[in-house]
Every structure is written in C-alpha cells, then in structure tokens.
Amino acid sequence: MRELLEFYVAAGVDCALADEPQDRFAESAAAQIKAAQKKQSAPQRAGEQPATIPVSSSAPSPGSNETAAPRPLRQTAKVPNEEVIAAARELAAGATSLEKLQEAVNGFEGCNLKKYAKSTVFADGNPAAKIMLVGEAPGREEDISGKPFTGPAGQLLDKMLASVGIDRSAAYFANILPWRPPGNRAPTSVESELCRPFIERQIALVDPDILVLIGAATAKVLLGKSESIVRLRGRWTTYKCNDRDMLVMPIFHPEYLLKQPAQKRLAWQDLLTIKRKLNEASAGS
Ligand code: URA
C-alpha cells in the first residue's frame, strides 16, 4: 500500500479532489451512449445514414448475448488552438472589473489544467494595493486553499515581504495560470499562452504602481525575455499597460530560495529597492 501511495505521489497524484471517488470512465461512457441514443431517435433526414452508437473493438459481436462493455474513455481534453486563445482574449477583454474577470476565469473551459485542479486560484491580497506580485502557477497547497502563495514558498515570500514592511493586505497576488499543473510540472508554453490574456487583464484592472514578477518563467511570459533570472532580477524594466509604462521588477522565485538560501541576500536587496520605490510613489501621490 505504501509503495502504491509513493507511486501516486511520484506521478503527481498527491491530493484528493473530492471526498468520494468518482468513476469518470463510467460517466463518460454513459454520456456518450446517451448522446448517441438521442441522435438515433432524432428524425432522419432524406439521404442521411441512421446514427449508430460507435463501438470499440472490445464490443460483443453481433448476435452474442454479451452486454456491451462501456466504451473506452474518449479523449475529452481539448487541444488548445487559436480559436480557444481568441476566446480567452475576448472573455478577458470583456471583463470590466476584477469580479467579472474572476467569473470569466471560473467559467473558462478552454484550458485542460482546469480538469485536474481542485480550485481556480484567482488572487489574494488587496486589489487596491500599489504593488502586485505575479507567480507562475499554483502548487499543491494553493490548489487546496484556493489562494496563491500559501504553501512553503508563499510563506517564505510573506516573511521576505514582511521584512521590508509589506504584508498581505498591502499587496495583491496572482499567477499566470489559475490552475495547478498536475504534480507541479512546469506549465507548457501553450498553457501559458492560453491563460496570458487573463493575467494581462488582471494586471490592467489592478493597475499597480509596481509589478513584481516572481521567477524566470513569469518574466518570460509577461516580458517576453528569455534571459536567466540571475540577469533579470534586481533591474527595473517596464511593462506596457493601460497606455503607460508600468514599473516592473523580476525577482527570484521563493521556491528557488528555499533550495538556494545563499541567494536570499540578493532577494533582500531587491525587496529593499522595491520598497524604496513604493515609498517614492506614495510620497508623490
Ligand atoms: N509558486 C507560484 O508560482 N505560485 C504560487 O501561487 C505558488 C507557488
């Protein structure tokens, strides 16, 4: 049993999505049979072949007394294409408030990650904050809590921010992807591209003075920069948003800092730089 559990964890199956098990294979097979039966009973137009329930190669041969076994699961996951990306863009552009954007994200079915996630992790913190921090994707704890940066990396981030006088109520947190990739694997470029319109709209609606991009992958998606985070961190750059150049600072990901604590010194310097800029912005407003 222990080995089986270890196998599940290694395969990324590390938390339950519901209290009761659900047989998705049976659900899917029943839905397909129902749809085919509906089609079959629909009035037939001239020249049309009657609809048949498609059968798998394991189906009983004609005349046999065997009952038909459920068909193997048909692939229900969608392959994201330009159309789905365009739909995401349209939904995001039509959201005139963070609440409407959250509704749009919750209702968006174009990203396959949603099928495997427990929560849609939209945001945490203060939407009126002057500083917004964007990470890559929720992990296990975030999927369970439904809030970004609540696991070990998030706890380190909270401590780092607190050390320069910024707490959760003075910042706004979100991720490029609102759904956890199974087993915390790195998101694919298609998944990031698919969710990019939502985070871009979220940034525009929050309209912070300072945008902090957490980790290289986030900087790559939002700034289009492929340089290593070692080169990007600690340097101000800009992000075009709401017809202005928003100030942006890429920083080390706290997950990286958990593995490389010696780099916390540099992360601390970056946070002090950010804090100074925040103070300047407050003094000027
Ligand atoms: N890592 C991220 O990039 N985001 C989270 O919310 C948690 C961990």
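Up top is the structure these notes are about.
Residues numbered from 1 in each chain as written. Predicted model: local features only at pLDDT ≥ 70, side-chain atom pairs only at ≥ 80, totals over all residues. Heavy atoms only, no water.

Description of the overall build of the protein chain
Now for step 1: Along the backbone of the protein chain there are 12 helices and six strands.
Now for step 2: Buried residues in the protein chain amount to 37% of all 285 residues.
Now for step 3: Summarising the internal contacts of the protein chain: among those between residues at least 6 apart in sequence, 71% fall at separations of at least 24.
Now for step 4: Here the protein chain displays about 16,400 Å² of accessible surface, and carbon together with sulfur accounts for 53% of that area. (Helix = DSSP H or I, 4+ residues; strand = E, 2+ residues; numbered from the N terminus. Buried < 20%, exposed > 50% of the residue type's maximum accessible area, 1.4 Å probe, protein only. Contact = heavy atoms within 4.5 Å. Areas by Shrake-Rupley, 256 points an atom, 1.4 Å probe, with all protein chains shown as cover.)

Section: helix H12 (residues 264-284)
Now for step 1: Counted at 1.5 Å a residue, the expected span for H12 with its 21 residues is 30 Å, and the 30 Å between its end C-alpha atoms agrees.
Now for step 2: Taken together, the buried positions of H12 are occupied by Leu266, Ala267, Asp270, Leu271, Ile274 and Leu278. Considered in projection along H12, the buried side chains sweep an arc of 135° and stay on one side of the axis. More than 90 degrees from the buried face of H12, the exposed residues found are Arg265, Arg276 and Ala283.
Now for step 3: Where H12 is buried, its residues meet strand E2 (131-135), helix H7 (152-163), strand E4 (210-214), strand E6 (244-251) and helix H11 (254-259). (Expected span 1.5 Å × (residues − 1). Arc of directions from axis to C-beta.)

Structural notes on the packing of helix H4 (residues 98-107) against helix H8 (residues 189-206)
Now for step 1: Following both chains from N to C, one finds H4 and H8 inclined at 170°, their axes separated by 10 Å at the closest point. For the element pair H4 / H8, the angle class is roughly antiparallel. Mapping the contact onto sequence places Leu98, Leu101 and Val105 in H4 and Phe198, Arg201, Gln202, Leu205 and Val206 in H8.
Now for step 2: Partitioned by chemical class, the residues of the contact of H4 with H8 number six nonpolar, one polar and one charged. (Axes fitted to C-alpha atoms, helices over the stretch in contact; angles between N-to-C directions. Parallel < 35°, antiparallel > 145°, perpendicular 65-115°, else oblique. Nonpolar A, V, L, I, M, F, W, Y, C, P; charged D, E, K, R; others polar.)

Overview of empty space enclosed by the protein
Now for step 1: Within this structure, the stated rule accounts for one cavity of 30 Å³ or more.
Now for step 2: Together, Val105, Val121, Phe122, Asn175, Ile176, Pro178, Phe198, Ile199 and Gln202 line the largest cavity.
Now for step 3: When its residues are assigned to classes, the lining of the largest cavity shows seven nonpolar, two polar and no charged. (1 Å grid on protein atoms, 1.4 Å probe; cavity = no way out; pocket = protein on both sides within 12 Å on 5 of 7 lines; lining within 4 Å. Points joined across faces, edges and corners; volume = space filled by probe spheres on them.)

Some thoughts on the side chain of Asn175
Now for step 1: As for its position among the elements, Asn175 is in strand E3 (residues 172-175).
Now for step 2: In this structure the side chain of Asn175 is engaged in a polar contact, spanning 3.3 Å, whose partner is the backbone nitrogen of Glu136.
Now for step 3: Excluding residues within four positions of it along the chain, Asn175 makes contact with Val134, Gly135, Glu136, Ala137, Pro138, Pro148, Phe149 and Ile199. (Polar contact = N/O pair within 3.5 Å; in protein donor to acceptor, adjacent residues only side chain to side chain.)

Notes on the sheet that holds E6
Across a sheet, strands are paired by hydrogen bonds formed along the backbone, either parallel or antiparallel in direction.
Now for step 1: The strand order across the open sheet built from six strands is E1-E3-E2-E4-E6-E5, with neighbouring strands paired in mixed fashion. Each of the sheet's edge strands pairs with one partner strand only, and the pair in question is strand E1 (124-125) and strand E5 (237-241).
Now for step 2: Examined bridge by bridge, E5 and E6 share five bridges and lie antiparallel to one another. Note on E6: the bridge partner recorded for Tyr239 is Met246.
Now for step 3: On top of the sheet, H7 reaches E2, E3 and E4; it is set at about 145° to E3, its chief contact.
Now for step 4: Most of the contacts of H12 go to E6, to which it runs at about 155°, and overall it touches E2, E4 and E6. (Pairing = 2+ DSSP bridges.)

Here's the deal with the layout of surface pockets
Now for step 1: The space that makes up the second largest pocket amounts to roughly 580 Å³.
Now for step 2: Contributions of two or more residues to the lining of the second largest pocket are made by helix H6 (140-145), H7 and H11.
Now for step 3: Broken down by element, the lining of the second largest pocket gets its largest block of residues, four residues, from H11.

A few points about the nonpolar core
Now for step 1: Core analysis: the biggest nonpolar cluster contains 62 residues, and Ile131, Met132, Leu133, Val134, Ile203, Leu211 and Tyr239 have the highest contact counts within it.
Now for step 2: Among the elements that line this core, the one with the most residues is H8, at seven residues.
Now for step 3: Leave out the neighbours within four places in its chain, and Leu211 touches Met132, Val134, Ile203, Tyr239, Met246, Leu247, Val248 and Met249. (Core = buried A, V, L, I, M, F, W, Y, C linked by side-chain atoms within 4.5 Å.)

Here we look at the pattern of salt bridges
Pairs can form between side chains of opposite charge once their charged atoms are near each other.
Now for step 1: Under the criterion given, the structure shown has 10 salt bridges.
Now for step 2: With a closest N to O distance of 2.6 Å, Arg168 and Asp124 form a salt bridge. On the criterion of sequence distance, the pair formed by Arg168 in the loop between H7 and E3 and Asp124 in strand E1 is long-range, its members being 44 residues apart.
Now for step 3: Overall, Asp124 belongs to the buried group, its relative accessible area being 17%.
Now for step 4: Residues Lys240 and Asp245 are paired through a salt bridge, measuring 2.7 Å at the closest nitrogen-oxygen approach.
Now for step 5: Overall, Lys240 belongs to the exposed group, its relative accessible area being 61%.
Now for step 6: With relative accessibility at 45%, the residue Asp245 sits in the partly exposed group.
Now for step 7: A single salt-bridge network, built from bridges that share partners, covers Asp124, Asp158 and Arg168. (Salt bridge = Lys/Arg side-chain N within 4 Å of Asp/Glu carboxyl O.)

So yeah, pure geometry; function would need other evidence.
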